[in-house]
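Listed here are the chains, written in short residue letters.
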Amino acid sequence: MNHFRFHAYTDIRFGEGQIGALPELLAPYGKKILLVYGGGSIKKNGLHRQVLKLLSDFSVYELSGVEPNPKITSVREGVKLCKEHGIEAVLAVGGGSVIDAAKVIAGGAFYDGDPWDLVISPAKIGTVLPIVTVLTLAATGSEMNKNAVISNMETNEKLGTASHDFIPKASICDPTYLYTLPSRQTAAGTADIMSHLFEQYFQNEKRAFISDRFAEGLLKACIKYCPIALEEPANYEARANLMWASTQALNGLTSCGKGGAWTCHPIEHELSAYYDITHGVGLAIVTPRWFRYILNDETVGKFCEYGRNVWSITEPDAYKCANMAIDATEEFFSECGIPMTLTELGIDDSKFALMAEKAVRFGGLANAYVPLTEEDVVNILKACL
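Here the residue index of a chain counts from 1 through its sequence in written order. Where local features are concerned, this predicted model is filtered to residues with pLDDT of at least 70; where side-chain atom pairs are given and counted, the filter is 80 or more; whole-chain, interface and lining totals use all residues. Hydrogens and water are ignored here; the side-chain numbers use all heavy atoms of the structure.

1. Section: the overall build of the protein
Regarding its fold elements, the protein presents 15 helices and 8 strands. When we talk radius of gyration, it's over C-alpha atoms, and the globule rule is simply 2.2 Å times the number of residues to the 0.38. Since a compact globule built from 385 residues should have a radius of gyration of about 21 Å, the 20 Å found for the protein is in line with a globular shape. Summarising its shape, the C-alpha atoms of the protein cover approximately 65 × 45 × 40 Å along the three principal directions. Sorting the 385 residues of the protein into buried and exposed places 59% on the buried side. It only takes one pair of heavy atoms within 4.5 Å for two residues to be counted as in contact. Residue pairs at least 24 apart in sequence account for 78% of intrachain contacts in the protein once pairs closer than 6 positions are excluded. Counting every atom, the protein has about 15300 Å² of accessible surface; 51% of that belongs to carbon and sulfur. Charged residues are defined narrowly, with Lys and Arg counted positive, Asp and Glu counted negative, and His plus the chain ends left uncounted. The atoms used to mark charge sites are NZ of Lys, CZ of Arg, CG of Asp and CD of Glu. Distance between charge centroids for the protein: 4 Å, based on 34 positive and 45 negative side chains. To qualify as a helix, a DSSP run of H or I must reach at least 4 residues; to qualify as a strand, a run of E must reach at least 2; elements of each kind are numbered from the N terminus. Exposure is judged per residue with a 1.4 Å probe applied to protein chains only, and the accessible area is read against the type maximum: over 50% gives exposed, under 20% gives buried, and values in between give partly exposed. Using a 1.4 Å probe, the Shrake-Rupley method yields the accessible areas, and only the shown protein chains count as cover for residues.

2. Notes on the pairing of strand β6 (residues 147–152)
In terms of burial, β6 is largely enclosed, as 5 of its 6 residues are buried. Should DSSP find at least two bridges between two strands, the strands are taken to pair. The turn joining β6 and strand β7 (residues 157–162), which pair antiparallel and follow one another in sequence, is formed by 4 residues; a positive phi near 50 degrees is taken by Asn156.

3. Some remarks on the state of the cysteines
Only a pair of cysteine sulfur atoms within 2.5 Å counts as a disulfide in this structure description. Counted according to the given criterion, the structure contains 0 disulfides. Counting only cysteine sulfurs, Cys226 is the nearest neighbor of Cys222, a cysteine outside any disulfide, at a range of 7.8 Å. Cys222 sits in the buried class, given a relative accessible area of 0%. We note that Cys256 lacks a disulfide partner, and the nearest cysteine sulfur, in Cys222, lies 18 Å from it. We classify Cys256 as buried; its relative accessible area is 10%.

Listed below in structure tokens is the structure:
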């Protein structure tokens, strides 16, 4: 097991009605708050009005319209507001995209240059405003981690950045906020959760027994509860378990003792950078093709372990077991209503070589579970058509 740092200091308030704690959670950081949110769903469901009422004793400035793949243009606007109004804390109300934007805004508030610098060069991140979140989508785990992913459509780049100071001070996780999500967002969010777990599970370190068992349990929760949430959107048990799985999948718990570059995320980031597709959909398409491409004598044991512990496959032949597990994964995504080819999204192979070069360069795929070249990435993308 590798050495690791696990410092989980986010104050999680989980459960229905926890929004009432919002003033208490923000009070230690000041009265001038930047409220960051997305396309307006929080106004339709009344959450926006409730937040403003709770914060009546605060000075609240607003940044709305953060995109599903948050763009640097929105971050720049948020940084400008922070500097103009002397913002003391950033409140993100939304899903991972909103929270990611809020993180880079919080860092950009103390940075004199273009906040895009903080994305391409995380070492430039210095002082960061306190961040508090109200989660409305189970997917990215941003409510309890140090990561942010931002898109620059001018350069067709979608890149991740990180700082321990990006970890939210507190996050309110109310499963009832998921009740009104469109089914496509529930399905794509679950695919994102599962992909986070796959990226950490399929690594070369074989001695992190506890981390892998955590990951398997979270994967089983996703497989059990996503279909229920799709069938019964207001099922509290299903929504609560998916929301908690999202948080646990990427707060560092399942990577403890492990390490190495991820694979599907760098590939999907290029798809989103050029075609602005839903992140979880892209991951669901790429993942089973990546699985099949890297299945070999070195990896078959791990895939068989996944099949037996997550899908309860009893087939004794290792390769048959592995292929059954991969098939089950693809069928699950499809049954959740996720498009399973790039062709369905209107994507052809015209940019595959360009995307592959950037995925390998930015994603460090030479250090992945199975190292990949540009040619390998092109082959995986071709299998996704």
